[in-house]
Amino acid sequence: MPNAPATILVFDSGLGGLTVFREIAVALPGAHFVYVADDAGFPYGNQSEAALIARVAEVIGTAISTHQPDLVVVACNTASTMALTELRARYSVPFVGTVPAIKPACAQSKTKRIAVLGTQATVTREYTRALIREFAGGCDVGLVGSSHLASFAEAELAGTPVADAAIKAEIASCFVDTDARRTDTVVLACTHYPLLTDRFRAVAPWPVDWLDPAAAIARRVADLIGPRPRAAAPASAHIEFTSGRKPSPALAKALSGYGF
Ligand code: DGL
């Protein structure tokens, strides 16, 4: 059993990865965390594949050299579905990715009709289509790409609420009611979206289960890190923005709620 507390690097294009970070911080209370938000490259969801793979590999490579983490969590579906293979080929540190939770959603759906709500990039990616081929098992899976929800989540976190109508329009296509079978589960396939779950519930045409895989990802991270002695000092958490920006007072307050 290694003696030092683990250092875990959590990466996202912005602040959506906080929804994964908060679960990992609960699972590994003695670890040191470095959260890297590539806000200079945000949003990832509308970018071309080749440019994004190169960017993600470079930003994460720099963070690995600087912080020497024991493990890297790619807390971004858009980056994971595209760049995990490249990252694992380039760097020897273990990676845990975040990919659409299609298997558990299809397994739990009673109506056998689910929706996958992600960025345009994630829902059009072959990786996601392969998950459906492999795991849908007779369940109807609707793919719903959103261009705006990640930005809405960033705005809400920074204290600028978004109108109900704008949120409702982005999630509307998730709700299908045909052949007497309604959508009963929506996979949150972008780490930003759990920041908006209460807003989704408030404007949804009927109740569904909003499936957030963060707790399962945290369990995977804790398994890979293994048992470690409790840190002498409390866990530390440090956040970096690739733009070098200083958070506004409202955002700084929100971040302090996450331990930064
Ligand atoms: N949080 C990211 C994800 O999980 C995407 C947000 C973006 O478009 O940059 O897909």
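Re the overall build of the protein chain
Here is step 1 of the chain: Tallying secondary structure elements over the protein chain gives eleven helices and eleven strands in all.
Here is step 2 of the chain: C-alpha atoms of the protein chain, sized along the principal axes, occupy 55 × 40 × 35 Å.
Here is step 3 of the chain: Taken across its 260 residues, the protein chain has 49% of its residues classed as buried.
Here is step 4 of the chain: Restricting to contacts in the protein chain with at least 6 residues of sequence separation, those with at least 24 account for 76%.
Here is step 5 of the chain: Split by element, the accessible area of the protein chain, about 11,500 Å² in all, is 54% carbon and sulfur.
Here is step 6 of the chain: Charge centroids of the protein chain, computed over 23 positive and 23 negative side chains, lie 3 Å from each other.

Overview of the sheet that holds strand β10 (residues 209-211)
Here is step 1 of the chain: Spatially, β6-β5-β9-β10 is the arrangement adopted by the four strands of the open sheet, whose pairing is parallel. In this open sheet, the two edge strands, each paired with only one partner strand, are β6 (140-146) and β10. Across the sheet, the axes of successive neighbouring strands diverge by a mean angle of 25°, strand direction being ignored.
Here is step 2 of the chain: Pairing analysis gives three bridges linking strand β9 (residues 185-188) to β10, with the strands arranged parallel. For T185, the partnering residue across the bridge sits in β10 and is D209.

Side note on the sheet that holds strand β4 (residues 95-96)
Here is step 1 of the chain: If you trace the five strands from one edge of the open sheet to the other, you get β4-β3-β1-β2-β11, paired in parallel fashion. Both outer strands of the open sheet, β4 and β11 (237-241), are each paired with one neighbouring strand and no more.
Here is step 2 of the chain: Bridge count for strand β1 (residues 7-12) against strand β2 (residues 32-37) is six bridges, and the pairing is parallel. Among the inter-strand pairings, F11 is bridged to a residue of β2, identified as V36.

Criteria and cut-off values
- Residues numbered from 1 in each chain as written.
- Predicted model: local features only at pLDDT ≥ 70, side-chain atom pairs only at ≥ 80, totals over all residues.
- Heavy atoms only, no water.
- Helix = DSSP H or I, 4+ residues; strand = E, 2+ residues; numbered from the N terminus.
- Buried < 20%, exposed > 50% of the residue type's maximum accessible area, 1.4 Å probe, protein only.
- Contact = heavy atoms within 4.5 Å.
- Areas by Shrake-Rupley, 256 points an atom, 1.4 Å probe, with all protein chains shown as cover.
- Lys, Arg positive; Asp, Glu negative; His and termini not counted.
- Charge placed at Lys NZ, Arg CZ, Asp CG, Glu CD.
- Pairing = 2+ DSSP bridges.
- Axes fitted to C-alpha atoms, helices over the stretch in contact; angles between N-to-C directions.

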